[in-house]
Amino acid sequence: MSWGIELWDQYDNLAIHTNKGIEFLDKYANFIRDRLAIETEYAAKLRRLVKNYQPKKKEEEDNEFTSWQAFRKVLNEISDLAGQREVVAESLQLQIIQGISLLSKTLREERKKCLSNGTILHQNLTTQLAALERAKRNYEKAYRDSEKAVENYKKADMDLNLSRAEVERYKNIMTAKIQQSDDAKNEYANQLQKSNNLQQQHYHELLPEVFNRLQELDEKRTRGIREFIISAADVESSVAPIIARCLEGMVKAGESINEKEDSYKVIERYQSGFTPPGDIPFEDLSKMDTLDTSQESHYNHVQSSHLTVKGTISANKIKKRVGIFNIFGSNKEDFSDLPPNQRRKKLQAKIAELQQKIQQETAARDGLMKMKVVYEANSSLGNPMTVEGQLNESEHKLEKLKMDLKKYQGYLEKANQIPIANNSPQANRTHSMNNGHRSSRHSNGSTEDNNFDGDFHPDDAGSLSRSDSEDNVAQIQNGHNNNNNGSSASPESGLGTSHTSLPGSGHGSTHENAIGEDAYYETEMEPLQPLGTCRALYPFEATSEGSIPMNEGEELQVIEIDQGDGWTRVRRINNTNGWDEGFVPTSYIECTLYA
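Note that this is a predicted model, so its numbers are computed, not measured.

K.L.:
Explain the overall build of the chain to me, please; I cannot follow it from the model alone.
P.N.:
Helix and strand content of the chain: eleven helices and seven strands. Each of the 595 residues in the chain was classed as buried or not, and the buried ones make up 38%. In the chain, the proportion of contacts linking residues at least 24 apart, taken out of those at least 6 apart, comes to 70%. For the chain, the computed accessible surface area is about 35100 Å², with 52% contributed by carbon and sulfur atoms.

K.L.:
Mind showing me how you'd approach the sheet that holds strand β7 (residues 589-593) here?
P.N.:
Backbone hydrogen bonds hold the strands of a sheet together, and the pairing may be parallel or antiparallel. With antiparallel pairing, the five strands of this open sheet are ordered in space as β6-β5-β4-β3-β7. Looking at which strands have only one partner, the edges of the open sheet turn out to be β6 (579-585) and β7. Averaged over all adjacent pairs, the angle separating strand axes in this sheet is 35°, with direction ignored. Looking at chain direction, strand β5 (residues 567-573) and β6 are connected through seven bridges and run antiparallel. Among the inter-strand pairings, Arg571 is bridged to a residue of β6, identified as Glu581.

K.L.:
I tried to follow the pattern of salt bridges on my own but got confused; where do I start?
P.N.:
Pairing of side chains with opposite charge becomes possible as their charged atoms draw close. Counted by the stated rule, this structure contains 26 salt bridges. The salt bridge involving Lys397 is made with Glu393; its shortest N-O contact spans 3.6 Å. Separated by four residues within a single helix, Lys397 and Glu393 lie in helix α8 (residues 385-416), roughly one turn from each other. Judged by its relative accessible area of 47%, Glu393 falls in the partly exposed class. Among the ionic pairs, Arg571 bridges to Glu581, the shortest N-O distance being 2.9 Å. Of the two residues, Arg571 is situated in strand β5 and Glu581 in strand β6; the sequence distance between them amounts to ten residues. The exposure classification of Arg571 matches that of Glu581, with both residues buried. Salt bridges sharing partners connect three or more residues here, namely Arg35, Glu39, Arg85 and Glu236.

K.L.:
Whenever I open this one, the side chain of Ser195 confuses me. Can you help?
P.N.:
Mapped onto the secondary structure, Ser195 falls in helix α4 (residues 164-255). A distance of 3.1 Å separates polar atoms of two side chains, one belonging to Ser195 and the other to Gln128. Beyond its immediate stretch of four places on either side in the chain, Ser195 contacts Gln128, Leu129 and Leu132.

K.L.:
Help me out: how do you make sense of the environment of Tyr11 in this one?
P.N.:
Tracing the chain through its elements places Tyr11 in helix α2 (residues 11-52). Judged by its relative accessible area of 14%, Tyr11 is buried. Spatially, the C-alpha atoms of Tyr11 and Gly118 are 8.3 Å apart, while their sequence positions differ by 107 residues. Ignoring any residue separated from it by four or fewer positions in sequence, one finds Tyr11 in contact with Leu115, Gly118, Thr119, His122, Leu207 and Phe211.

K.L.:
Explain the packing of helix α3 (residues 66-158) against α4 to me, please; I cannot follow it from the model alone.
P.N.:
Each pair of packed helices can be summarised by the angle the axes make with each other and by the distance between the axes. In contact at an axis separation of 6 Å, α3 and α4 are set at 170° when each is read in the N-to-C sense. Here α3 lies roughly antiparallel to α4, going by the angle between them. Grouping the constituent residues of the contact of α3 with α4 by class yields 50 nonpolar, 22 polar and 19 charged.

K.L.:
I would appreciate a short explanation of the pairing of β5 in the present structure.
P.N.:
Two faces belong to every sheet, and in a regular strand the side chains alternate between them. Among the seven residues of β5, six are classified as buried, and the element is accordingly described as predominantly covered. When strand β4 (residues 555-560) meets β5, the two strands line up antiparallel, connected through three bridges. Bridge assignment links Gln557 to a residue of β5, and that residue is Arg571. Connecting β4 to the next strand, β5, in antiparallel fashion are six residues, including Gly564 with a positive phi near 105°.

K.L.:
Just to check I follow, could you spell out empty space enclosed by the protein for this structure?
P.N.:
Per the counting criterion, the structure on display carries four cavities of 30 Å³ or more. Each pocket or cavity is described by its volume, and for the second largest cavity that value is around 60 Å³. The wall of the second largest cavity is formed by Thr18, Ile22, Leu107, Arg111, Leu214, Leu217, Asp218 and Arg221. Mapped by element, the contributors of at least two residues to the lining of the second largest cavity are α2, α3 and α4. With four residues, α4 is the largest single contributor of residues to the lining of the second largest cavity. Of the residues contributing to the lining of the second largest cavity, the split by class is four nonpolar, one polar and three charged.

K.L.:
Help me understand the packing of aromatic side chains, please; the structure alone is not making it clear to me.
P.N.:
Aromatic rings considered in pairs are described by the distance between their centres and by the relative angle of their planes. A full pass over the atoms with the stated rule returns nine aromatic pairs. A ring pair is formed by Tyr139 and Tyr143, whose centres lie 6.3 Å apart and whose planes are at 40°; its orientation type is tilted. Placement of both Tyr139 and Tyr143 in helix α3 is noted, with a separation of four residues, approximately one turn of the helix. Overall, the relative accessible area of 40% leaves Tyr143 in the partly exposed class. Between the aromatic rings of Phe540 and Trp567, the centroid separation amounts to 6.2 Å while the plane-to-plane angle is 70°, which identifies the pairing as edge-to-face. Note that Phe540 is positioned in the loop between β3 (532-536) and β4 and Trp567 in strand β5, a separation of 27 residues in sequence. This pair shows no difference in class: Phe540 is buried, exactly as Trp567 is. Each member of the aromatic cluster is reached from another via a ring pair, and the members are Tyr538, Phe540, Trp567 and Tyr588. In this arrangement the basic side chain of Arg169 is found over the ring face of Tyr170, its NZ or CZ atom lying 4.8 Å from the centre.

K.L.:
Teacher, can you tell me more about the UniProt feature "coiled-coil region" (unreviewed entry) in the chain here?
P.N.:
In this numbering, the UniProt entry assigns the feature "coiled-coil region" (unreviewed entry) to residues 122-156 and 344-418. Counting secondary structure, residues 122-156 comes out at 100% helix and 0% strand; the distance between its end C-alpha atoms is 51 Å.

K.L.:
What is the right way to look at the side chain of Arg569 in this model?
P.N.:
Looking at where Arg569 falls in the secondary structure, it is placed in strand β5. You can call Arg569 buried: its relative accessible area is 1%. Here the side chain of Arg569 touches Glu581 through a polar contact of 3.3 Å, side chain to side chain.

K.L.:
Would you mind showing me how to read α3 here?
P.N.:
With 93 residues, α3 extends 135 Å between its outermost C-alpha atoms, agreeing within 8% with the 138 Å of an ideal straight helix rising 1.5 Å per residue. By the largest-angle criterion, Gln93 marks the main kink of α3, which is about 30°.

About the thresholds
Residues numbered from 1 in each chain as written. Predicted model: local features only at pLDDT ≥ 70, side-chain atom pairs only at ≥ 80, totals over all residues. Heavy atoms only, no water. Helix = DSSP H or I, 4+ residues; strand = E, 2+ residues; numbered from the N terminus. Buried < 20%, exposed > 50% of the residue type's maximum accessible area, 1.4 Å probe, protein only. Contact = heavy atoms within 4.5 Å. Areas by Shrake-Rupley, 256 points an atom, 1.4 Å probe, with all protein chains shown as cover. Pairing = 2+ DSSP bridges. Axes fitted to C-alpha atoms, helices over the stretch in contact; angles between N-to-C directions. Salt bridge = Lys/Arg side-chain N within 4 Å of Asp/Glu carboxyl O. Polar contact = N/O pair within 3.5 Å; in protein donor to acceptor, adjacent residues only side chain to side chain. Parallel < 35°, antiparallel > 145°, perpendicular 65-115°, else oblique. Nonpolar A, V, L, I, M, F, W, Y, C, P; charged D, E, K, R; others polar. 1 Å grid on protein atoms, 1.4 Å probe; cavity = no way out; pocket = protein on both sides within 12 Å on 5 of 7 lines; lining within 4 Å. Points joined across faces, edges and corners; volume = space filled by probe spheres on them. Phe/Tyr/Trp six-rings, centres within 6.5 Å; stacked < 30°, edge-to-face > 60°. Lys NZ or Arg CZ within 6 Å of the ring centre and 35° of its normal. UniProt positions renumbered as here; feature names shortened; annotations may be inferred. Expected span 1.5 Å × (residues − 1). Bend = angle between axes of the 7 residues up to and from the residue.

See below:
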């Protein structure tokens, strides 16, 4: 089936059809561009939605609830979903839009060339037919003139009044006209043969070749549209598995919500540790003067220890009500105005904060010391005296932090001497420890019982801590060894894997060794909240202890920013033990911190 044979006389219609086909290709390109814009806008709005609903700093304390943790996982999945929509938009731009533009340009140029050749062929045929028509007219005129000359000669020959010379003249005219007629006839015959040959070649060879070329172009255009539509669907299919995993992640996040665990955490957060008030004794006014002083003191004790439903009255005396979000707010340094349970939690949080600051300051001090050593070895790199002032300031800050830590550890030791209610979380943990076992909760939400023999071993999901080499030396001298090997845990020296210095994190906690192995330090190991996200620019092989490998383009959570040593602490979510944490080179990642 060929256009050159079947449509030999449809030149104009084929020209119009091929032009409409290319215009349709451009129309499909515009459709893909509009869809690309929608995908890009959708991804941007999803990212804006995730950013708007990221937990605020004032809401960080609520992140311990499973419902809040599940919501944060949903936000992460939505962010990944937005990334996949961006991948779709980028693929449509690179694979479809550019391909259509190139194909459309090629088709237009080749169509123009074909139509130009067809126009030249038509002009040549028209010129030849016009020459044939002129030759035919000349032949017709010459033939009529020759017939008229013959008729005139016959009349003259029969006319007896004409002289012989006059008759001879008519004869010569007849002969000339007959010769002209024969010449015109021969010319007409030649032009007719040329026209027939050209016309046959035109309609059987030259023009079919042009039409067949137009047919190839149109089929190429149709085939291109088919491939582009399939490619667009393939682009969507390529991200479908990742989108499905995002949806599975949302489902798992929803299934991870545990209402009983959240209720327990509410109790642990707000339980004061006081015992409920006893019965109020009857006051006999007639015997008011003979009331026993012990009974009066008992009544006063009941009144002073009574708590309202909202927890707005302290243990010593009635205080002014405060907002619901500041139930246990405290302005005292030792938090002595808070209920026992809340006081212990505040002190433990303060100690953990101080220990973290000590680790960071120690790492900064170690970096300055290394810099000073380098400057002393090579003065061309810098003046070591410029680092001396910074070292002194760092030593001063470190000493002050250690004094504050010792002070708050003393506060906590005193707070632990206050009896707690039998139904409080701390009492429950103390009871379980007295039975020789400790129940610890992993980061993935599972619990397990461990034999407690005085040495606490960290969970598999424990966090990594930064360098504290100098702090270890000082604590060893005081009888407290925070690191079994006594060496630096910085990335440069091997990145030792010790727990973050939180209360109850086991060996490596100066708090535990300073005041004894107390039940209150066996608290749940809560993960550090991410400061942002990062993307791996290059692959990284973990060659030292404490570092973790990563693949190019992998998304990770930033747990601790670079402290000047060239390493950043990150977290990778997995399905085995909850997450993996470790250090990666800062120059290998691109960070995006939360606002």
